[in-house]
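Geometric and topological summary
These are the residues of each chain, in order.
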Amino acid sequence: MKYLELIDIHKTYSFSHKRGHNKVLNGISLKINYGDKVGILGLNGAGKSTLVKIIGGIIKPDRGEIIRNMSISWPIAFTGGFQGSLTGFDNLRFICRVYGVSWEDKVERVQEIAELGDYFYEPVKSYSSGMRARLAFALSAVIEFDCYLIDEVIAVGDQRFKERCIGELFYKRQDRSYIIVSHQPSYIKEYCNRFFVLSKGKLIEFENFNDAWSYYSSQ
């Protein structure tokens, strides 16, 4: 069976000498089977984005093990992997080569989703942050994964783009796994079947959304 497992994940960030260290993840363990829809609530600064980036392989934990027995997306709308001097089109070709898939049949679909117009053939460094996020989401939508990492992506773009995100992620791929991290409840409540709160470096699971929300709201 396809699954993702985190075993005793730790991550600490160092600040200036006077401020010391901030341990954002303190022994996180979690197993996600194919098809699980995981929602993680957490206050700003709780370590949600750090956890997602560790799962996606963007940053490494200080300690712990990650078993990826299914394909994992990069965090949706993450733009740190783009080559700024390359065009959106060239980034599409580059990323497809990295993942070992064809790019020729994906150009039209990426253009349709990202709605970049002629900017698709301009260097990514000339894009606004919203344009980069739309391109990143479009690339995520045309390269298939078993598990999608979603870090506040629905906040990007206008209402039409938000609806397109919802359709691509939660309806066309409703059989897949996804991990949503957020400090907003609506998408987690509606689309997830497992509920967690990330607090003080620990990941706590609850039987239902209401219990998770009650604990989160009490912080």
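Treat the numbers as computed from the prediction; the structure is a model and nothing was measured.

On to helix 7 (residues 209-217). When we look at burial in helix 7, the residues that qualify are Phe209, Ala212 and Tyr216. All buried residues of helix 7 lie within an arc of 65° about the axis, which places them on one face of the element. Those residues of helix 7 that are buried are in contact with strand 3 (37-41), helix 6 (186-191), strand 8 (194-199) and strand 9 (202-206).

Membership of the largest hydrophobic core comes to 44 residues, with the highest contact counts inside it found for Val110, Phe120, Leu135, Leu139 and Phe170. Element by element, the count of residues in this core is highest for helix 4 (residues 129-142), at 8 residues. Apart from the residues lying within four places of it in its own chain, the contact partners of Leu135 are Phe82, Gly88, Val110, Ala114, Leu116, Phe120, Val124 and Tyr127. In this structure, Ile28, Ile32, Ile66 and Met70 belong to the second largest nonpolar core, which totals 24 residues.

Summarising the element assignment, Lys172 is placed in the loop between helix 5 (159-171) and strand 7 (177-182). When the C-alpha atoms of Lys172 and Ala141 are compared, they prove to be 9.8 Å apart, with 31 residues separating the residues in sequence. Each residue touching Lys172, except ones within four places of it in the same chain, is listed here: Arg109 and Gly167.

This part takes up the packing of helix 4 against helix 5. At a minimum axis separation of 11 Å, helix 4 and helix 5 run at an interaxial angle of 20°. By the angle between their axes, helix 4 is roughly parallel relative to helix 5. The chirality of how helix 4 crosses helix 5 is left-handed. Residues Arg134, Phe137 and Ala141 of helix 4 touch helix 5, and the partners they reach there are Phe161, Arg164, Cys165, Glu168 and Leu169. Split into classes, the residues belonging to the contact of helix 4 with helix 5 amount to 5 nonpolar, no polar and 3 charged.

Cut-offs and rules
Residues numbered from 1 in each chain as written. Predicted model: local features only at pLDDT ≥ 70, side-chain atom pairs only at ≥ 80, totals over all residues. Heavy atoms only, no water. Buried < 20%, exposed > 50% of the residue type's maximum accessible area, 1.4 Å probe, protein only. Helix = DSSP H or I, 4+ residues; strand = E, 2+ residues; numbered from the N terminus. Arc of directions from axis to C-beta. Contact = heavy atoms within 4.5 Å. Core = buried A, V, L, I, M, F, W, Y, C linked by side-chain atoms within 4.5 Å. Axes fitted to C-alpha atoms, helices over the stretch in contact; angles between N-to-C directions. Parallel < 35°, antiparallel > 145°, perpendicular 65-115°, else oblique. Left-handed = near helix turned anticlockwise from the far one by under 90°. Nonpolar A, V, L, I, M, F, W, Y, C, P; charged D, E, K, R; others polar.

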